[in-house]
Amino acid sequence: MAANNLRHALFCAIVTLIISFPILGLNLEAKGINITLTGAKTSTYVAIVLAAVVVFVFQIFRDSFMGVLGKLPNLNPLAGREPMEQSKRVKLESWILTGIVIFALFWPFLVSRGSVDLATLVLIYIMLALGLNVVVGLAGLLDLGYVAFYAVGAYTFALLSQYTGISFWMALPIGALLAGLTGMILGFPVLRLRGDYLAIVTLGFGEIIRILLNNWTTLTGGPNGIGGIPDPTLFGMEFGRRVKEEGNTSFHETFGIAYASEHKIIFLYLIALVLAVITALIIRRFMRMPVGRAWEALREDEIAARSLGLSRTAVKLSAFTIGAFFAGFAGTVFASKQGFISPESFVFLESAIILAIVVLGGMGSQLGVILAAIAVTILPELAREFSEYRMLIFGAAMVLMMVWRPQGLLPMRRIHIKLNRQE
Amino acid sequence: MLEVQKLSMRFGGLLAVDQVSLDVQEREIVSIIGPNGAGKTTVFNCMSGFYKPTGGKILFEGREVQGKPDYKISRMGMVRTFQHVRLFTQMTVVENLLVAQHRHLNTNMISGLLGTPNYRQREQKALDRAAYWLERVGLLELANRDAGNLAYGQQRRLEIARCMVTEPKLLMLDEPAAGLNPAETKELNQLIISLKEDYNVSVVLIEHDMSLVMDISDRINVINQGKPLASGTPEEIRRNDDVIKAYLGEA
Ligand SMILES: Nc1ncnc2c1ncn2[C@@H]1O[C@H](COP(=O)(O)OP(=O)(O)OP(=O)(O)O)[C@@H](O)[C@H]1O
Ligand SMILES: [Mg+2]
């Protein structure tokens, strides 16, 4: 046992060395047209060796270390208390949610422009995470290419506006429907796959869409992206200083107020807020409908679900389609917010972040996912100095979470249903 | 209503089921017995569409069903339980029953989102049917528990209730008494008889508990190493020399 441990720890330390030495210890330097290989500073080598030692020590004492971590929840004084009564809890939750939404409505008028912009991004991530939650949390289908549908929504708006001059409000349903359609089409080939295999194939799909956008230069502009995507209008009122589109009026002139660039940002924020609330409400409703229960049944036990007459095809495709639909929603808002999009915005890392939000929040739980979306988007902004270590912190948080609270921040709670005794 | 003709199932070199035939009439309890590994569960898997049999025919109400997908067979009114209980463990007891009733529900997403009267009416009916069957198997008090937290015997009963809410014509039970204590087995005995008498369901039963089998079966089929060994009424089977030999040989 001890010898085994030692060998394992040694192995891990060596792997650490092998991986980190070429990545950190060797630098490629461009001198004119030649590239030369140079070593790094001594401090880097020391750090690499130190890291290997840390890995070694950790692996040797892993069992006791994990044991301590596992006991941590006991420090939480609330851990042992009785769960709140069902009806009370539901009421409390809906009060909290209503409170948050009301607060969110007035909040942008009080804070800086940058904060509102960031909050819009948070709302976009909330939409994405709520949509992915359908696929991963409810239907149990590990989708690593979710960003593809986000891209479809964004590019639909960008392309349509470029070629046909479509408005945001027209593009919103079209983008969402097209994304949903893509979700359904990509769902067909993976019907039989589960778990790891599904994850790998969806990962591939995500990359294919990104690479397609990157290389189909004649249509998408390739890596240069597409710019000049219009802002949303409010009943034909534009938020720019000057009216761009024939027939539109401008917001500040209609209301006789001074032009302020904040108006547009706040308006976009409010749109994102409304859409996020709609997304949450619709998905919440789905969860209590036959289709939502079918998703969960498929996640729980596919064989049993089929033995009761559920068609795997219909259930899986509906999950993929509806998940993708809301990603398309989010994509359209994103395109409008940025005014410019390129394949850079739809890399795998985005899928990973959205997935992390779902997992951190607690699979299936809406409130948890919303809180996690806020945390994951805002924390890196608050800790700008640490931005280099963002991925590291992210990874560490995930590992800790898996050890300490694998069910997520706020795991999904079952809905209680009142039954009438039958004769 | 069900006729299995010369069913065969081959896994590579192993002929797990070899020319097994059986038939089930309306309101009849037919048992399949045989030593471990005889191929009983495999017969079920072929009948319920989990496996595509390599030979033979399965006729349900005159229609050939062999090779049809499992969910279609289930929708025709032939549902099964599993040797190892398969519940939706993280869903509540009543949700398990609602999932099973999706065909009785209004699954149109738009009506669901809008909560149309038709949708709500059907949802309520499904809830009432769930309540009825929960009461029937003594689980009504536990309706909002997670199915995975039930005791073993309760899980078995829930699985049967989950089949019954689909309003099947034929129920296939794979070792429903396994792991039950004598009192629970007795209750199960009465439940199965009542399914036949009061709900007009035919039952195909795989079971190792001989007293249960002899008690409630109208007819019994014995298979041994995939081959049909004997069939007849409990009386006939009890006296059959081949059966006695096979079972003594096993012991
Ligand atoms: N999917 C499969 N692939 C290969 N062999 C299988 C498969 N399913 C069953 N078998 C084999 O078929 C034979 C019959 O198995 P089956 O499960 O039908 O027996 P059983 O009569 O239900 O036994 P028990 O009383 O133990 O449940 C066994 O030898 C088993 O190993
Ligand atoms: Mg078996």
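If you're wondering where the values come from, they're calculated on a predicted model, not measured in any experiment. (Residues numbered from 1 in each chain as written. Chains lettered and ligands numbered in written order. Predicted model: local features only at pLDDT ≥ 70, side-chain atom pairs only at ≥ 80, totals over all residues. Heavy atoms only, no water.)

> Residue-level account of the coordination of the magnesium ion (ligand 2), with values.
Residues and elements named next belong to chain B. Binding of the magnesium ion (ligand 2) to the protein goes through Thr41 (OG1) and Gln83 (OE1), at separations of 1.8 to 2.2 Å. Here Thr41, found in helix α1 (residues 40-47), pairs with Gln83, found in the loop between β6 (78-80) and α3 (93-100); they are 42 residues apart in sequence, far enough to count as distant. Looking at Thr41, the relative accessible area reads 23%, which means it is partly exposed. (Donors = N, O, S within 2.8 Å, 3.2 Å for Na, K, Ca; no water. Helix = DSSP H or I, 4+ residues; strand = E, 2+ residues; numbered from the N terminus. Buried < 20%, exposed > 50% of the residue type's maximum accessible area, 1.4 Å probe, protein only.)

> Hey, could you go over the pattern of salt bridges for me, with residue numbers and the actual values?
Once their charged atoms are close, side chains differing in charge can pair, the charge on each being opposite to the other. Under the counting rule described, the total for this entry stands at 22 salt bridges over all chains. Residues Glu302(A) and Lys316(A) are paired through a salt bridge, measuring 3.9 Å at the closest nitrogen-oxygen approach. Taken together, the positions of Glu302(A) in helix α13 (residues 302-307) and Lys316(A) in helix α14 (residues 312-338) put the pair 14 residues apart, joining distant regions of the chain. We note a salt bridge from Arg238(B) to Glu235(B), for which the minimum N-O separation is 3.5 Å. Note that Arg238(B) and Glu235(B) are positioned in helix α9 (residues 234-239) at a spacing of three residues, about one turn of the helix. For Glu235(B), a relative accessible area of 39% translates into the label partly exposed. Counted as one network, the salt bridges with shared partners bring together Glu296(A), Arg299(A), Glu300(A), Arg414(A) and Glu95(B). (Salt bridge = Lys/Arg side-chain N within 4 Å of Asp/Glu carboxyl O.)

> Give me the lowdown on the interface of chain A and chain B, citing residues and values where you can.
Across the contact, 33 residues belong to chain A and 44 residues belong to chain B. Of the roughly 3,500 Å² buried where chain A meets chain B, counting both sides, 61% is carbon and sulfur surface. Run the count over chain A and chain B and you get six salt bridges. The residue Arg421(A) makes a salt bridge to Glu141(B) at a minimum N-O spacing of 3.2 Å. Of all the elements, helix α12 (residues 290-300) of chain A adds the most residues to the side of chain A that touches chain B, at seven residues. Taken together, the residues of the side of chain A that touches chain B break down into 15 nonpolar, seven polar and eleven charged. (Contact = heavy atoms within 4.5 Å. Buried area = accessible area lost by both parts, 1.4 Å probe. Nonpolar A, V, L, I, M, F, W, Y, C, P; charged D, E, K, R; others polar.)

> Which residues make up unusual backbone geometry, and what are the values?
Residues and elements named next belong to chain B. Here the phi dihedral of Glu61 falls at roughly 50 degrees; this positive angle occurs in a residue that is not glycine. Take Glu61: it is sitting in the loop between β4 (55-60) and β5 (63-64). Located in the positive-phi region is Asn200, a residue other than glycine, with phi close to 55 degrees. Mapped onto the elements of the fold, Asn200 is located in the loop between α7 (182-199) and β8 (202-206).

> Would you mind going over the layout of surface pockets in detail, with residue names and values included?
Residue and element names in this part refer to chain A. In this model, the second largest pocket occupies a volume close to 770 Å³. Looking at the second largest pocket, it is lined by 29 residues, and the ones nearest its centre are Ile100, Val101, Ala104, Leu273 and Ile370. Those elements that place two or more of their residues in the lining of the second largest pocket are α4 (86-106), α5 (113-138), α11 (261-287) and α16 (366-382). In terms of residue count, the dominant contributor to the lining of the second largest pocket is α4 (eight residues). Within the lining of the second largest pocket, the residues separate by chemical class into 23 nonpolar, four polar and two charged. (1 Å grid on protein atoms, 1.4 Å probe; cavity = no way out; pocket = protein on both sides within 12 Å on 5 of 7 lines; lining within 4 Å. Points joined across faces, edges and corners; volume = space filled by probe spheres on them.)

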